[in-house]
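An overview of the molecular structure
In case you want the letters, here they are:
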Number of protein chains: 2
Amino acid sequence: MLRGSNLLRLADYNQAVILDLIRREPGASRTDLQRTSGLASQTISNITRRLIDAEMIRESAPSDAVRGRPSIPLTVNGDGAFAVGVHVDPARLTILLLDAAGEVRHRQQLRTPQATNPDEMTALIAVSTGRLIRESGIDRDRVLGLGIAVPGPLDVLTGVVLDPPQLPMWRDVRLRADLHDATGMPVLLDKDVTASATAELRKSAASDFLFLYLGSGVGASVVTQGQVLRGASNNIGEIGDILVDPTAEDLGWSGRRGGLAAACVPEALVIQAVQAGLMPLPDLTDYLAIDDACTALCELAAGGDAAASAILDRAARRVAVGIGVLVNFIDVPRVVLGGPTWNRLSGAFLPVLEDAVRHELVVSRETFTVVGSAVGEQLAAQGAAELVMDHFLAPRASVLVMD
Amino acid sequence: MLRGSNLLRLADYNQAVILDLIRREPGASRTDLQRTSGLASQTISNITRRLIDAEMIRESAPSDAVRGRPSIPLTVNGDGAFAVGVHVDPARLTILLLDAAGEVRHRQQLRTPQATNPDEMTALIAVSTGRLIRESGIDRDRVLGLGIAVPGPLDVLTGVVLDPPQLPMWRDVRLRADLHDATGMPVLLDKDVTASATAELRKSAASDFLFLYLGSGVGASVVTQGQVLRGASNNIGEIGDILVDPTAEDLGWSGRRGGLAAACVPEALVIQAVQAGLMPLPDLTDYLAIDDACTALCELAAGGDAAASAILDRAARRVAVGIGVLVNFIDVPRVVLGGPTWNRLSGAFLPVLEDAVRHELVVSRETFTVVGSAVGEQLAAQGAAELVMDHFLAPRASVLVMD
């Protein structure tokens, strides 16, 4: 049994409220906590003493008090608890260790082994997780659990990966239970877009935005009034079939012709590059080969190749049509893009997207913005770890973890 | 000044909590209220006494108590408060009177006068509202206010109608202030789809659904976990430009070719009927002429005309593609259709829609359903009145009313 998680699971509700307030407002004093929580000062004293003794929070140097007792800022002790975050994209596998203060301590990105069955993947994640924890030198007993973000569709309640189009060997995989057996840790399974939006919400000041995920696939999530929408079946964001160009070329591809996936996922971009004579056809059953070919296409465009640039420019304009559909529907003032493919596409997409989306909007928006993620490429893994932290440390625990 | 609204605006927070609980759970006893509110029994006694004295609630015959004092069911007194609800669709103008128990007391549907400027419309609504209240014989002092639902885009915070494509003479109209001046009532302005979803949520047991509005235009709203999403600028649901058929015919029309509006709004359906030789071209600047022609088309189809049926069948299949886009994105298990045009289209649409939408879904949903509104054609007006009730009677008042 893990000491850290036991400590926190036995914690009472008020303790969770106080810890959560300190997590969200680092530097809050006991007086601040009393005001925001409504709890009695003696209760605050007792709880903060317990949390300090458990090494979950610590006192910083007091600020100069204007009058009366100095106000001592309380902050979360990063070493007090940890969570592992994993993100399985068909081409990239990310594993990281997040501390209770929200800092990524260690991070590892691998190329996702191809033609791998779920059992091999589970074993790889378990071994990599063990090594990450060992190499980081942290107290393993303080690791609360492992969060894993994967492409949908999922059955989050039972922890099962249903039939993601991009993981053809993964059908009805009990990934949460399997990873629990392989690691001995509590495991939380969630969709890549939901985990990504969660991480973005933590790092960004914005409370209403559309998040667009670009990886081996394309997906979306919505944050409204500071809440991540996850959908009634936790499968928000299947947007690949949205028609964005009725005149689009035939890619001879499984996705919908003229759809958003055909406009921007690496496989479709690579097929377009092949059709333009820019490169030979890679093995389309190998997401690593596709990923490498996509990288090559982006490098050609960055180097000034007109045909490569035209492909990415057209992709950006098609993506803008899709974003327009979503923004017109859900009414948000901000769009954030991220995911494993985003860093490679941003150079071609960012100069085009905002104006092109604006052109699609029915309601004119003076402050409308399109930006890249504030978190970076590991955001789905980081979000999965944040969801684990929330499960154990926030007062309203989700019911999505098995242990 | 209105006695009813004064009474309720001076009410304290706990009183609003108790009244809201009785509104949502008619028949609750004082013991039930104590349990659900957490307030002390003496507080409950005082508040219910005040509410009974103010004729806002009443006691029903006590049920047989198993032991101890009989439990007296409390219900909202329908005559305790009223709200006027108005819905301006370019072809239909609906005005109704809702009582505090959620019953529609009087309802009036007019054909929206065409080529009317906003001042004339405001005057018409004020006169009709006065007559509705007089003829209903209710106590005018107990009318809390008037809610009005209109097509977007709106600036709900300032109460201004911005530039709805279907009300060409309405540009930056201060409708809330103008209606307040004309009626002397507090006025709440909101979007047609938001008001409709609010009314549907009240009448239906479902807490997660997509609402599709079919009137002179097409729009949508989302209810998730029992909350109506309204969008960051209160302009949720602009879906008319979603591409649903890349091979769609050219209608010579302002809307996007192949878009959802071109697939199903009366004007587009009528143009298709004209192109098929079913009827002469009506005056397309006259929404009443369009509405009548649309009625004629639906009657032709209901009477077995193959060409008319083909138009509506194609419309249903295109609408299904649009619904598929929205359901895949937002992840809901239920779609509800309503609005002024729905009753005429439902006969052709309902047999087709559910299976056709299912065909579009990325996540398979055993329980997915498509249904017509439980409220009926007046649902936007009813929802606007419900929003007024909530503003005055619910503990978390919105900030959207001016008075």
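Residues numbered from 1 in each chain as written. Chains lettered and ligands numbered in written order. Predicted model: local features only at pLDDT ≥ 70, side-chain atom pairs only at ≥ 80, totals over all residues. Heavy atoms only, no water.

Residues and elements named next belong to chain A. Of all seven residues in strand β3 (residues 82-88), seven are buried; the element is thus mostly enclosed. On β3, burial covers both faces: F82, V84, V86 and V88 on one face and A83, G85 and H87 on the other are all buried. Linking β3 to strand β4 (residues 92-99), which pair antiparallel, is a turn of three residues. (Buried < 20%, exposed > 50% of the residue type's maximum accessible area, 1.4 Å probe, protein only. Helix = DSSP H or I, 4+ residues; strand = E, 2+ residues; numbered from the N terminus. Pairing = 2+ DSSP bridges.)

Turning our attention to the nonpolar core. Of all hydrophobic cores here, the largest spans 145 residues; its most connected members are L210(A), F329(A), L210(B) and F329(B). Contacts of F329(A), omitting those with residues within four sequence positions, involve L210(B), A220(B), V222(B), I236(B), G237(B), E238(B), I239(B), L326(B), F329(B) and I330(B). (Core = buried A, V, L, I, M, F, W, Y, C linked by side-chain atoms within 4.5 Å. Contact = heavy atoms within 4.5 Å.)

Attention shifts here to the sheet that holds strand β13 (residues 334-338) of chain A. Residues and elements named next belong to chain A. Spatial strand order, β12-β11-β10-β13-β14: five strands in an open sheet with mixed pairing. Whereas interior strands pair on both sides, the edge strands pair on one side only; in this sheet they are β12 (227-229) and β14 (369-372). Geometrically, the sheet is characterised by an average inter-axis angle of 25° between neighbouring strands, direction not taken into account. Note: strand β10 (residues 209-214) against strand β11 (residues 218-224), six bridges, orientation antiparallel. Its bridge partner being in β11, L212 is matched across the sheet by A220. (Axes fitted to C-alpha atoms, helices over the stretch in contact; angles between N-to-C directions.)

Listed as interface residues are 37 residues of chain A and, on the opposing side, 37 residues of chain B. Roughly 2800 Å² of surface becomes buried between chain A and chain B when both sides are summed, with 67% attributable to carbon and sulfur atoms. By the criterion of area lost to chain B, the three top residues of chain A are L243(A), F329(A) and D331(A), representing 26% of everything that side buries. Scanning the region where chain A abuts chain B turns up two salt bridges. (Buried area = accessible area lost by both parts, 1.4 Å probe. Salt bridge = Lys/Arg side-chain N within 4 Å of Asp/Glu carboxyl O.)

Attention now moves to the sheet that holds strand β12 (residues 227-229) of chain B. Residue and element names in this part refer to chain B. Spatially, five strands are ordered β12-β11-β10-β13-β14 in an open sheet, and the strand pairing comes out mixed. With one partner strand each, in any of the chains shown, β12 and β14 (369-372) form the two edges of the open sheet. Between one strand and the next, the sheet's axes are offset by a mean angle of 25°, whatever the strand orientation. Examined bridge by bridge, strand β13 (residues 334-338) and β14 share four bridges and lie parallel to one another. Bridge assignment links V335 to a residue of β14, and that residue is V370. Of the strands in this sheet, β10 (209-214), β13 and β14 are in contact with helix α12 (residues 342-360), which crosses β14 at around 165°.

Let us now look at the environment of P168(A). Mapped onto the secondary structure, P168(A) falls in the loop between β8 (160-161) and α6 (175-183). Distance from P168(A) to A115(A), taken between C-alpha atoms, is 8.9 Å for residues 53 residues apart in sequence.

Let us look at the UniProt feature "domain: HTH marR-type" (unreviewed entry) in chain A. With numbering matched to this structure, UniProt assigns "domain: HTH marR-type" (unreviewed entry) to residues 14-60 of chain A. A distance of 22 Å separates the end C-alpha atoms of residues 14-60 of chain A, which is 68% helix and 6% strand. (UniProt positions renumbered as here; feature names shortened; annotations may be inferred.)

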